[in-house]
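Working through the structure, step by step
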Amino acid sequence: MNIVRSFSALIFASLVTCSSAQAEKRVALVIGNSAYKNTLRLTNPVNDATLVGDMFKKSGFDAVDVKTDLNASEMRRTLRDFAGRVRDADMAVIYYAGHGIELDGNNYLIPTDAMLETDGDVLDEAVALDRALFAVEPAKRLRLVILDACRDNPFAKTMKRMVASRAIGRGLAKVEPTSPNTMIAFAAKAGSTASDGDSRNSPFARALVEHLPKPGLDLRKAFGFVRDDVLKNTGNRQEPYVYGSLGGDDVPLVQAKPAAVAGPQANPQDSVRRDYELALQAGLREAWEAFLQTYPDGFYANLARVQLKKIAAEEDRAQATEKARLAEQEKVKLAADRAQKAELEKAAAAAKVAEDARIAAERHKQAEQAKAEAAERERKAAEAAAAKTLAEKQAIEKAAAEAAAKQAAEKQAIDAESKKVAALSPPPSTPPSVDLSRSVQLELRRVGCMKAEANANWGETAQRSLTLFNKYAGTKFDAKLANVDVLDALKAKPGRVCPLVCEHGFRADGDACAKITCRAGYRVNDDNECDKTPEKKPVARRDDVQRRDSDRQQKEASPAGQQARSSGQVICNSAGCRPVRSGCRLVTPTAGPGTGGAGAGVAGQNAVEVCN
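When you go through the protein residue by residue, the secondary structure sums to 17 helices and 18 strands. In the protein, which comprises 612 residues, the proportion classed as buried is 33%. Across the protein, contacts joining residues at least 24 apart in sequence account for 64% of those joining residues at least 6 apart. Approximately 37300 Å² of the protein is accessible, and the part contributed by carbon and sulfur atoms is 53%.

This is the structure we're talking about:
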């Protein structure tokens with residue numbers, strides 16, 4: 001048994017060594033179609049194909065084929081030849097730049113000689129995307145198709161529709177790969193179009209060359225960075241999209257170079273994890289025992305012991321099952337030989353005991369299986385958390401490095417610009433003191449800090465104005481004198497610095513105060529706003545109150561009965577006025593007795609009161 005275990009350990013170590021030392025075979029096919037014969041020529045696909053092909057070559061791909069301006073037969077032959085090279089490859093990549101079209105939910109790549117006069121011609125003159133997926137199908141680890149073919153297609157606008165309900169989409173249609181470890185990257189999301197770019201290369205091609213060849217960078221994260229760059233460079237008008245999925249392990253296009261000395265980001269558990277996964281694939285007791293001999297302690301050692309318990313439970317179950325089978329055979333044999341009843345009962349009891357043992361072993365095996373599965377889930381969760389922490393740390397370090405580089409570049413640009421301005425600017429001339437004082441006052445008037453006219457004297461008005469300028473401009477010049485620095489600071493202000501202050505009833509209008517005019521019925525309030533004029537209420541005056549009090553006192557002084565019986569006539573003399581007594585009337589001497597006066601309300605001093 002020790003010899004077997006040692007031999008298993010040797011095989012396990014050999015598997016680990018070969019797995020780490022074996023290099024992956026990577027092949028790539030790059031196609032760029034620009035010179036279309038029956039529609040407008042595209043500018044960038046050939047340039048993009050050259051750029052991406054150089055990127056694959058510099059990344060160490062074993063075979064890179066760059067083809068440009070292919071017709072239909074050449075494209076089909078190229079894809080067929082490439083499929084032959086993919087058979088023994090671990091990673092296969094196809095990049096296509098040019099026109100593409102979507103017909104009834106299927107995507108097609110358009111060769112340079114396509115005419116596409118009708119929608120039915122697409123099936124004959126174009127190359128289906130499935131043909132490219134078929135070419136990369138034999139790859140063992142990664143199958144990647146990159147399509148920079150989402151441009152606005154001119155054929156779709158001119159072709160005739162053989163069936164009115166047939167759909168010809170804008171851009172390319174959504175694709176869900178059926179093969180595992182397959183990814184399809186679009187330059188723009190399904191149903192939208194991509195930009196050919198204003199420069200030599202498209203925004204999508206430039207982003208691919210920037211991020212895909214980064215050593216050790218997982219493809220999913222690399223395409224995420226590509227998406228961010230394209231969105232930024234196109235003003236959020238173009239969003240790349242990736243269809244398909246990969247497994248839990250990182251799949252970089254370029255493997256990270258092993259460091260001579262493990263850096264601070266190296267994970268010492270990577271080799272232990274790889275050996276653990278190899279032992280897990282073997283699933284044998286010998287493999288786990290060899291693993292524990294190499295790694296007797298740690299997280300993965302505990303997981304290996306759980307797997308050993310699982311295997312032991314399976315062995316116990318198998319032994320119990322075999323014992324139950326043999327007991328059942330013995331029971332049948334005794335029954336066939338017409339054994340005695342006691343022997344049959346004994347055999348039946350033994351068979352029952354064996355069956356109970358088998359059931360117990362089966363339950364034990366299930367319990368150990370559940371423990372092993374739980375331990376495996378914990379392992380994957382722990383590895384995912386460690387990977388996430390490492391990725392976050394790398395992202396923070398990268399952001400800090402980029403920010404520092406950007407700050408240094410900005411500082412260098414500012415220093416260079418300052419030197420350039422200093423070299424071009426003539427040395428300032430110092431004006432005479434009289435002209436300097438007047439120039440400073442003129443600038444103070446221009447920025448709105450001085451209202452008085454400028455003169456040659458630097459007096460209190462000019463000093464107050466400079467103090468006001470210091471307040472609103474945030475400067476600290478000495479207000480007692482005018483110098484060149486003050487003049488330069490004032491000239492550097494393009495417009496008003498001190499606020500314009502207007503009196504009540506005026507508001508600021510540019511650099512002047514304009515009178516506030518309200519419409520009829522409104523007036524200017526304390527806040528310099530138009531309010532409705534309030535209505536005036538009558539006000540009692542002092543002379544009116546005195547007249548009412550005098551009349552009231554006079555009425556109160558006259559007898560109540562006389563007031564009631566008065567005829568309403570009043571006689572006046574030097575002593576004052578009073579009502580005519582009851583039974584009397586007023587007679588004017590010139591009218592004669594019995595005439596005139598009776599109807600008069602008030603008589604003069606010549607009237608005579610005549611009583612019956």
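With that settled, the discussion passes to the layout of surface pockets. Once rolled over the atoms, a probe with the size of a water molecule shows which space is left empty. The calculated volume of the second largest pocket comes to roughly 280 Å³. Lining of the second largest pocket is provided by Arg445, Gly448, Cys449, Met450, Lys451, Leu468, Tyr472, Arg496, Pro499, Leu500, Val501 and Asp511. Along the lines of polarity and charge, the residues of the lining of the second largest pocket split into seven nonpolar, one polar and four charged.

Right, let's talk about the nonpolar core for a bit. Note that soluble globular proteins tend to have their nonpolar side chains buried in a common cluster. Ranked by internal contacts, the top residues of the largest apolar core, which has 43 residues, are Phe82, Ile94, Tyr96, Val122 and Leu147. Apart from residues lying up to four places away in sequence, Tyr96 is in contact with Ile31, Asn33, Tyr36, Met75, Leu109, Ile110, Ile146, Leu147, Asp148 and Ala149. Formed by 35 residues, the second largest nonpolar core is a distinct cluster that contains Ala28, Tyr95, Ala222 and Val226.

Most of strand S1 (residues 26-32) sits out of view: seven of its seven residues are buried. Pairing of S1 with strand S2 (residues 63-68), which is carried by six bridges, proceeds in the parallel orientation. Within S2, the residue paired with Gly32 across the bridge is Thr68. In this fold, S1 hands off to helix H2 (residues 45-58), which returns the chain to S2; that crossover is right-handed.

Counted by the stated rule, this structure contains 25 salt bridges. Two residues, Glu239 and Lys189, come together in a salt bridge whose shortest N-O distance is 3.4 Å. One end of the pair, Glu239, is in the loop between helix H8 (219-233) and strand S9 (241-245); the other, Lys189, is in the loop between strand S8 (182-186) and helix H7 (203-211), with 50 residues separating them in the sequence. Using a relative accessible area of 24% as the deciding quantity, one classes Glu239 as partly exposed. Look at Lys189 and you get partly exposed, because its relative accessible area is 34%. The partner of Glu322 in a salt bridge is Arg325, and the shortest N-O contact between them spans 2.2 Å.

All right, on to helix H5 (residues 129-136) then. Turning to H5, its buried residues number three or more, namely Leu129, Ala132, Leu133, Ala135 and Val136. Taken end-on, H5 shows its buried residues confined to a sector of 155 degrees, consistent with a single buried face. The outward face of H5, more than 90 degrees from its buried face, is lined by the exposed residues Asp130 and Phe134. Looking at the buried positions of H5, the neighbouring elements they touch are helix H3 (72-86), strand S3 (91-97), strand S5 (106-109), strand S6 (127-128), strand S7 (142-148) and S8.

Moving on, we come to the environment of Leu280. Among the secondary structure elements, Leu280 is positioned in helix H9 (residues 270-282). Sequence separation between Leu280 and Gln307 is 27 residues, and the spatial gap between their C-alpha atoms is 8.4 Å. In this structure Leu280 touches Trp288, Gln307, Glu376 and Arg379, once residues within four positions along its chain are discounted.

Rules used in this analysis
- Residues numbered from 1 in each chain as written.
- Predicted model: local features only at pLDDT ≥ 70, side-chain atom pairs only at ≥ 80, totals over all residues.
- Heavy atoms only, no water.
- Helix = DSSP H or I, 4+ residues; strand = E, 2+ residues; numbered from the N terminus.
- Buried < 20%, exposed > 50% of the residue type's maximum accessible area, 1.4 Å probe, protein only.
- Contact = heavy atoms within 4.5 Å.
- Areas by Shrake-Rupley, 256 points an atom, 1.4 Å probe, with all protein chains shown as cover.
- 1 Å grid on protein atoms, 1.4 Å probe; cavity = no way out; pocket = protein on both sides within 12 Å on 5 of 7 lines; lining within 4 Å.
- Points joined across faces, edges and corners; volume = space filled by probe spheres on them.
- Nonpolar A, V, L, I, M, F, W, Y, C, P; charged D, E, K, R; others polar.
- Core = buried A, V, L, I, M, F, W, Y, C linked by side-chain atoms within 4.5 Å.
- Pairing = 2+ DSSP bridges.
- Right-handed = clockwise from strand over helix to strand, strands pointing away.
- Salt bridge = Lys/Arg side-chain N within 4 Å of Asp/Glu carboxyl O.
- Arc of directions from axis to C-beta.

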